[in-house]
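# An overview of the molecular structure
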Amino acid sequence: MKIAKFSVLLLLLFLFPVALAQLKFKFYSESCPNAETIVENLVRQQFARDPSITAALTRMHFHDCFVQGCDASLLIDPTTSQLSEKNAGPNFSVRGFELIDEIKTALEAQCPSTVSCSDIVTLATRDAVFLGGGPSYVVPTGRRDGFVSNPEDANEILPPPFISVEGMLSFFGNKGMNVFDSVALLGAHTVGIASCGNFVDRVTNFQGTGLPDPSMDPTLAGRLRNTCAVPGGFAALDQSMPVTPVSFDNLFFGQIRERKGILLIDQLIASDPATSGVVLQYASNNELFKRQFAIAMVKMGAVDVLTGSAGEIRTNCRAFN
C-alpha cells in the first residue's frame, strides 16, 4: 500500500506541480499530528455501519470543489435570512454531513481551530474510497474554508446528468483536467445510486419520442421502467451482476460498453470517439483506472483552494466563524 501511495505521489508532483505547491503533504504533522488518524478511524467506523458513505463523500467532495473551489462552502447551513449551496437543486441529495460534524468535533477537542473543514472532506473522501475497494493515495492538505456559499453558484456550475461529452470535457478542462481525469472521475459512479428523476426519460420518453433511449440495453430499460413506476424509485449506477453499488472497481466501464449506463452522460462516454478509447482502457485494466482515479482526485482537491492567510478555519463546519 505504501509503494502504491508513493508511486501516485511521484506522478502527481511531476504532472501537477503548480496547484500542489499551494498545499503540503503532512501539513498537520506538527500542529495536529493525529489529524489524519482521527479522520480515518471515524470514517472506518461509519463505513462499517454504512458502506454507501463512499459514494456520499465522493459526491460531496465533487460538488464542493467545483463550486468556488474546495473550500467547504457546501457544508454551510442556510439561515432564515441567507440561503446556502445546500439549497441548490443538485445538492438536495448530498449527504454525509453528520460524519463531517463528528470528525470536526473530535479534531476541535484535540487541536482547536487547526484543521479546516475543507481538509476534513478531502481526507474523509480519500479514506472512504480506499475502504470501498478503491486506490490508496496520499493527499496534500493546508486548505482553508471559504466565506461564500450561494445556491445560485451551484445551480449554474454543477453539470446535469444529461450533459454532452463535449460539455463534460470542457467542464473538467476548465479546471485543468484532461480526458483521462474526466473519465476516471465519472468512474466514481461505480458506487452509489441515482433517483429515477435523473434518468426516467431514458426509459419512457427519450427526447420526446415516447420511446426508450435506443442506446440503452432493452432489458435494462424494461427493468428500470418497473423500478421507476414506484414513487421514490432509484437504481444502482453500476449494473454489473451481481449489482455492486458499494464496491469500488472498474466493472462500471464494462457495463456502459454493454449499453447498461444509467445516466445519459455515462452511456455517452462509452460511445463518443473522444472518450470511448479511455473507457476501454479502464474497462480492461482495473489498476490503471484506480491509479488514474487517485491522480484525478488529488488534482480535483487542489482546484481553486484557499491557503495561507486566505479564508478561515471554521470551528463549526456548518457556519462561518
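Residues numbered from 1 in each chain as written. Predicted model: local features only at pLDDT ≥ 70, side-chain atom pairs only at ≥ 80, totals over all residues. Heavy atoms only, no water.

On to the state of the cysteines, then. Inspection of every chain in the model, using the stated rule, returns four disulfides. Across the disulfide, Cys117 is cross-linked to Cys317 (sulfur-sulfur distance 2.1 Å). Its torsion about the S-S bond being -95 degrees, the disulfide of Cys117 and Cys317 is classed as left-handed. One end of the pair, Cys117, is in helix H6 (residues 117-131); the other, Cys317, is in the segment after helix H15 (286-300), and 200 residues separate them in sequence. Taken as a pair, Cys117 and Cys317 share a single burial class, namely buried. In this model Cys196 forms its disulfide with Cys228; the gap between the sulfur atoms is 2.2 Å. Taking the sign of the S-S torsion, about -90 degrees here, the bridge from Cys196 to Cys228 comes out left-handed. Taken together, the residues span a long stretch of sequence, with Cys196 in the loop between strand E1 (193-195) and helix H10 (200-204) and Cys228 in helix H11 (residues 218-228) at a distance of 32 residues. In this structure Cys196 comes out as buried when scored by relative accessible area, which is 8%. By sequence-ordered numbering of the bonded cysteines, the chain has its disulfides arranged as 1-4, 2-3, 5-8, 6-7. (Disulfide = S-S within 2.5 Å. Helix = DSSP H or I, 4+ residues; strand = E, 2+ residues; numbered from the N terminus. Buried < 20%, exposed > 50% of the residue type's maximum accessible area, 1.4 Å probe, protein only.)

Before going further, it helps to examine the UniProt feature "binding site: substrate" (unreviewed entry) in the chain. According to UniProt, the positions carrying the feature "binding site: substrate" (unreviewed entry) are Pro159. If we skip the residues at most four places from it in the chain, Pro159 touches Phe62 and Phe171. (UniProt positions renumbered as here; feature names shortened; annotations may be inferred. Contact = heavy atoms within 4.5 Å.)

Attention now goes to the layout of surface pockets. The calculated volume of the largest pocket comes to roughly 1,100 Å³. Lining the largest pocket are 41 residues, with Arg59, His63, His189, Ile193 and Leu237 positioned closest to its centre. For the lining of the largest pocket, the secondary structure elements donating two or more residues are helix H4 (53-65), helix H8 (165-173), helix H9 (179-186), E1 and H15. The element best represented in the lining of the largest pocket is H4, accounting for six residues. When grouped by side-chain class, the residues that make up the lining of the largest pocket number 28 nonpolar, eleven polar and two charged. There are two domains that each give the lining of the largest pocket at least three residues, and those are domain 1 (34-157) and domain 2 (165-297). (1 Å grid on protein atoms, 1.4 Å probe; cavity = no way out; pocket = protein on both sides within 12 Å on 5 of 7 lines; lining within 4 Å. Points joined across faces, edges and corners; volume = space filled by probe spheres on them. Nonpolar A, V, L, I, M, F, W, Y, C, P; charged D, E, K, R; others polar. Domains from an automatic or database assignment.)

As a working rule, side chains carrying opposite charge can pair if their charged atoms are close by. Under the definition given, this model contains 14 salt bridges. One salt bridge in this structure joins Glu36 and Arg126, with 3.0 Å as the shortest N-O distance. Taken as a pair, Glu36 in helix H3 (residues 35-49) and Arg126 in helix H6 lie far apart in primary sequence, 90 residues in all. A salt bridge links Asp50 to Arg95, with the nearest nitrogen and oxygen atoms 3.5 Å apart. Of this pair, Asp50 sits in the loop between H3 and H4 while Arg95 sits in the loop between H4 and helix H5 (97-110), placing them 45 residues apart in sequence. Assessed through its relative accessible area of 23%, Asp50 is described here as partly exposed. (Salt bridge = Lys/Arg side-chain N within 4 Å of Asp/Glu carboxyl O.)

Right, let's get into the packing of aromatic side chains. Scanning the model with the defined rule gives 14 aromatic pairs in all. For the pair Phe62 and Phe172, a centre-to-centre distance of 6.0 Å together with 70 degrees between the ring planes defines the contact as edge-to-face. Linking Phe62 in helix H4 with Phe172 in helix H8, this pair joins segments that are 110 residues apart in sequence. Given the relative accessible area of 19%, Phe62 is considered buried. Classification of Phe172 by relative accessible area gives buried; the value is 2%. Members of the aromatic cluster, joined through ring pairs, are Phe248, Phe252, Phe253, Tyr282, Phe289 and Phe293. (Phe/Tyr/Trp six-rings, centres within 6.5 Å; stacked < 30°, edge-to-face > 60°.)

With respect to the element layout, Tyr282 can be found in helix H14 (residues 276-284). In this structure the C-alpha to C-alpha distance between Tyr282 and Pro231, which are 51 residues apart in sequence, comes to 35 Å.

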